[in-house]
Amino acid sequence: MNRSLKQLMKSLLAPAFLGGIITILIFYLDYFQFELVEKFLLFAAFVIVPLVILLMNHDEKNKHQRMVYAAMKWLQFPAALLTLASVMSSKMWGLESTTIPGILSLGWLLFTLLLGIYGLTTIVIAKGKAAEIAIGAGLVYFFIGGIWFTLYQYQVNLFQANPATHALSSLHFHFSSAIVPIFIGALGRIMTKKSWYPWVVAIDIIGPILIAIGMIFSKPIEYIGVTLFACNIVIYTAYLLAYLRKNALDNKATFFLGLSCLAFYTVVVLSILYPLLKKIFFLTILDFIPVYGSLHAFGFVLCGLIGWVYTVDFIKRKKMVKENRSVDTSI
């Protein structure tokens, strides 16, 4: 049983490893003349999403959920390749004035629709469990991110927002909006239930919507959404660090989850010190954007996902050991 679990983990991690290699080439080879926002979106498609799929629970008794899960697992990498082709067609193949980039982006849109459907089924099956509702909401937000990506590739002006805003909205939903609810849901699965936890989940679901609306229509609404969302991440990281200190998890899980929290607090410190650093080193916000983006994407999000994947694996192994011991005792 333990060997079969390891084989399953390796088979599911293979797309993330291959996607990681492709992402490294995209970021470091001059051949790929992409905008920074496009590189991070491709990073999400090739690496973040397959790791998210590893965290998903599916009800073996629910045939429809099992079918959607299998489809997500097998279609993720082809959909990511279509996403890469979509960006390359608009940036490298001279097809930016045609509908080809938009048509190719539909592959990722349909895949994120699968994620959204899986998220909705998770919410329905959860029957009020806050942790599962948070994870389901995060998956639905991936679909919203897919919509914004397709609008960006079609170069559509919508709600008085230009394509550049669509790209930022897509990035927002692929990372913060989708990932933070999933992280909070993963924490809810293992933590001792607290009376405040459902409120954290509720705010976590509302926050991204306020940010998205604010980015297009109203800056004050965006600031309210960002403040609520940031406070939620503070609560999540603070509780997670306390949990890691008191509970024995797999060493790799503890390391990566701790690194994820450290990356978030580094972003907070840099944000506070930004006015001072700007004066001392004559830096602009454009100099800080790659730093913030890298700390968030590679630090908070990637390390957090790796940590939670190791945690899920550790919990499964621990459960299997208990089941084997109970079988041996009964014999």
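Structure report, in brief. Residue numbering note: each chain is counted from 1, following its sequence as written. With the structure being a predicted model, the display of local features is reserved for residues of pLDDT at least 70 and the display and counting of side-chain atom pairs for 80 or more, all residues being used for whole-chain, interface and lining totals. Hydrogens and water are ignored here; the side-chain numbers use all heavy atoms of the structure.

Observations regarding empty space enclosed by the protein
Heads up, the rule is: Residues are called lining when one of their atoms sits within 4 Å of a cavity or pocket point, these points coming from a 1 Å grid over the protein atoms alone, where a cavity is a set in which a 1.4 Å probe fits but cannot get out and a pocket is an open set with protein on both sides within 12 Å along at least five of seven lines. Grid points are joined across faces, edges and corners, and a volume is the space filled by probe spheres set on the points. Per the convention used, a helix needs a DSSP run of H or I reaching at least four residues, while a strand needs a run of E reaching at least two, with both numbered from the N terminus. Only Asp, Glu, Lys and Arg are considered charged, only Ala, Val, Leu, Ile, Met, Phe, Trp, Tyr, Cys and Pro nonpolar, and every remaining residue, Gly among them, polar.
Per the counting criterion, the structure on display carries 1 cavity of 30 Å³ or more. There is about 40 Å³ of room inside the largest cavity. Considering the residues around the largest cavity, the lining is formed by Ile-184, Leu-187, Trp-196, Tyr-197, Val-200, Ile-235, Tyr-236 and Tyr-239. Residue contributions to the lining of the largest cavity peak at 3 residues, all from helix H8 (residues 219-246). Split into classes, the residues belonging to the lining of the largest cavity amount to 8 nonpolar, no polar and no charged.

Let's talk about the packing of aromatic side chains
Inclusion rule: Under the pairing criterion, centres of Phe, Tyr and Trp rings, with the six-membered ring standing for Trp, must be within 6.5 Å; the plane angle then separates stacked pairs below 30 degrees from edge-to-face pairs above 60, leaving the rest tilted. The cut-offs for exposure are 20% and 50% of the maximum accessible area for each residue type, with area from a 1.4 Å probe on protein chains only; residues under the lower value are buried, those over the upper are exposed, and the others partly exposed.
By the definition in use, this model includes 20 aromatic pairs. Aromatic side chains Phe-27 and Phe-40 sit 5.4 Å apart centroid to centroid with 70° between the ring planes, which places their arrangement in the edge-to-face category. A residue pair is termed long-range when its members are at least 10 positions apart, and Phe-27 in helix H1 (residues 2-28) and Phe-40 in helix H2 (residues 36-54) qualify at 13 residues. Classification of Phe-27 as buried rests on a relative accessible area of 19%. Using a relative accessible area of 5% as the deciding quantity, one classes Phe-40 as buried. When the centroid spacing of 5.2 Å and the interplanar angle of 65° are considered together, the rings of Phe-264 and Tyr-265 count as edge-to-face. Judged by relative accessible area, which is 10%, Phe-264 ranks as buried. Given a relative accessible area of 28%, Tyr-265 falls into the partly exposed group. A network of ring pairs unites the aromatic residues Phe-27, Phe-40, Phe-43, Phe-175 and Phe-298 as a single cluster.

Some thoughts on the layout of surface pockets
Estimates place the volume of the largest pocket at around 1400 Å³. Looking at the largest pocket, it is lined by 35 residues, and the ones nearest its centre are Leu-171, His-172, Ser-176, Tyr-292 and His-296. Contributions of two or more residues to the lining of the largest pocket are made by H2, helix H6 (163-190), helix H7 (197-216), H8, helix H9 (251-281) and helix H10 (285-330). Looking at side-chain class alone, the lining of the largest pocket contains 27 nonpolar, 5 polar and 3 charged residues.

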